[in-house]
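# Fold and contact review
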Amino acid sequence: MNTQDSIGGEDGQGGVPSSPTVITKRTAELVVGIVVAAFALLAIVSNYQIGAGWAEDGPQAGYFPMRMGIAIFLASIVVIVQALRKNDRSAFLERNQLRLVATVLLPLVVYIAALQLIGIYVASSLFIGIFMWLVGKFGPLRSAITGIGVSLVLFWIFEIMFTVPLPKGPLEQMFGY
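A short tour of the structure in this document, coming up.

Let us now look at the overall build of the protein chain. A tally of regular secondary structure across the protein chain gives six helices and four strands. On C-alpha atoms alone, the protein chain measures out to a radius of gyration of 24 Å, which is more than a quarter above the 16 Å that the 2.2 N^0.38 rule sets for 177 residues. Going through the 177 residues of the protein chain one by one, you find that 24% of them count as buried. Long-range pairs, those at least 24 residues apart, make up 60% of the contacts in the protein chain with a sequence separation of at least 6. Carbon and sulfur atoms make up 70% of the accessible area of the protein chain, which amounts to about 12300 Å² in all. Between the centroid of the 11 positive side chains of the protein chain and the centroid of its 10 negative side chains there is a distance of 8 Å.

Take a look at the structure:
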């Protein structure tokens with residue numbers, strides 16, 4: 001058994017067995033390069049519109065941001081060209097890895113949506129408790145106590161000690177917060 005096997009499982013990926021490729025490294029690099037280039041172009045255009053030149057009193061508001069946008073755009077073009085030249089079709093994301101990502105990402109999306117409806121404290125209690133129970137395999141009582149306890153501590157810190165208003169839902173309104 002070599003060091004790689006003892007640390008990360010048979011495949012060196014933290015014990016996740018190999019499975020069919022979902023996204024290749026080439027595809028990931030191209031998508032990232034294109035998305036970053038699009039945001040850079042947006043920065044270039046928007047900063048040009050607000051003024052990216054030199055005025056009598058110095059640089060206009062968009063002077064430095066537009067140049068940063070240009071630098072980022074050029075760097076993203078380099079990434080795209082390198083991805084096309086290298087043509088690395090090895091796995092960036094395999095199906096089993098995607099399942100692990102989805103295990104965290106999907107509940108997180110539900111949590112973010114729930115924040116708007118039931119507030120941060122109730123949503124956080126549910127997120128922590130359910131995540132501990134289903135993913136962490138803790139008992140339901142321990143998970144519920146931890147989720148509620150963490151939210152109560154955060155409520156005390158933010159609402160009472162620092163008086164920082166965070167998104168609240170019907171439960172907090174019922175108690176006058």
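As a further point, take the packing of helix α2 (residues 25-50) against helix α3 (residues 63-86). Contact geometry for α2 and α3: axes closest at 8 Å, N-to-C directions at 160°. The orientation of α2 with respect to α3, classified from their angle, is roughly antiparallel. Relative to α3, the crossing made by α2 is left-handed. Taken together, the residues that form the contact of α2 with α3 break down as 18 nonpolar, four polar and three charged.

Another point: the packing of aromatic side chains. The full count for this structure, using the stated rule, is five aromatic pairs. Plain terms: the ring middles of Tyr 121 and Phe 155 are 5.1 Å apart, the flat faces sit at 80° to each other, and that makes the pair edge-to-face. Here Tyr 121, found in helix α4 (residues 95-134), pairs with Phe 155, found in helix α5 (residues 140-161); they are 34 residues apart in sequence, far enough to count as distant. Accessibility classification places Tyr 121 together with Phe 155 in one group, the buried group. Connected via pairs of aromatic rings, a cluster forms that spans Trp 54, Tyr 63 and Phe 64. A cation sits over an aromatic face here: Arg 67 above Tyr 63, 3.8 Å from the ring centre.

What counts as what
The written sequence of each chain sets the order in which its residues are numbered from 1. Local features in a predicted model are, by the rule used here, given only for residues with pLDDT of at least 70; side-chain atom pairs are given and counted only at 80 or more, and totals for whole chains, interfaces and linings are based on all residues. No hydrogens and no water enter the side-chain calculation; it runs on all heavy atoms of the structure. In DSSP terms, a helix is any run of H or I states spanning at least four residues, a strand is any run of E spanning at least two, and both are numbered starting from the N terminus. Taken over C-alpha atoms, the radius of gyration is set against a globule rule of 2.2 Å times the number of residues to the power 0.38. Partly exposed residues are those whose accessible area sits between 20% and 50% of the maximum for their type, while under 20% is buried and over 50% is exposed, using a 1.4 Å probe and protein chains only. It only takes one pair of heavy atoms within 4.5 Å for two residues to be counted as in contact. In this description, accessible areas are obtained by the Shrake-Rupley approach with a 1.4 Å probe, and a residue is regarded as covered only by the protein chains that are shown. Under this rule, positive means Lys or Arg and negative means Asp or Glu; His and the chain ends count for nothing. Here the site of a charge means atom NZ of a Lys, CZ of an Arg, CG of an Asp or CD of a Glu. Axis definition: a line fitted to C-alpha atoms, over the contacting stretch in the case of helices. Angles run 0 to 180 degrees between N-to-C directions. Working rule for angles: under 35 degrees goes down as roughly parallel, over 145 as roughly antiparallel, 65 to 115 as roughly perpendicular, anything else as oblique. Should the near helix be turned anticlockwise from the far one by less than a right angle, the crossing is left-handed, and should it be turned clockwise, the crossing is right-handed. Only Asp, Glu, Lys and Arg are considered charged in this grouping, and only Ala, Val, Leu, Ile, Met, Phe, Trp, Tyr, Cys and Pro are considered nonpolar; every other residue, Gly among them, is considered polar. By convention, a stacked pair of Phe, Tyr or Trp rings (six-membered ring in the case of Trp) has centres within 6.5 Å and planes under 30 degrees apart, an edge-to-face pair has planes over 60 apart, and any other such pair is tilted. The rule for a charge over a ring is simple: NZ of Lys or CZ of Arg within 6 Å of the ring centre, and within 35 degrees of the ring normal.

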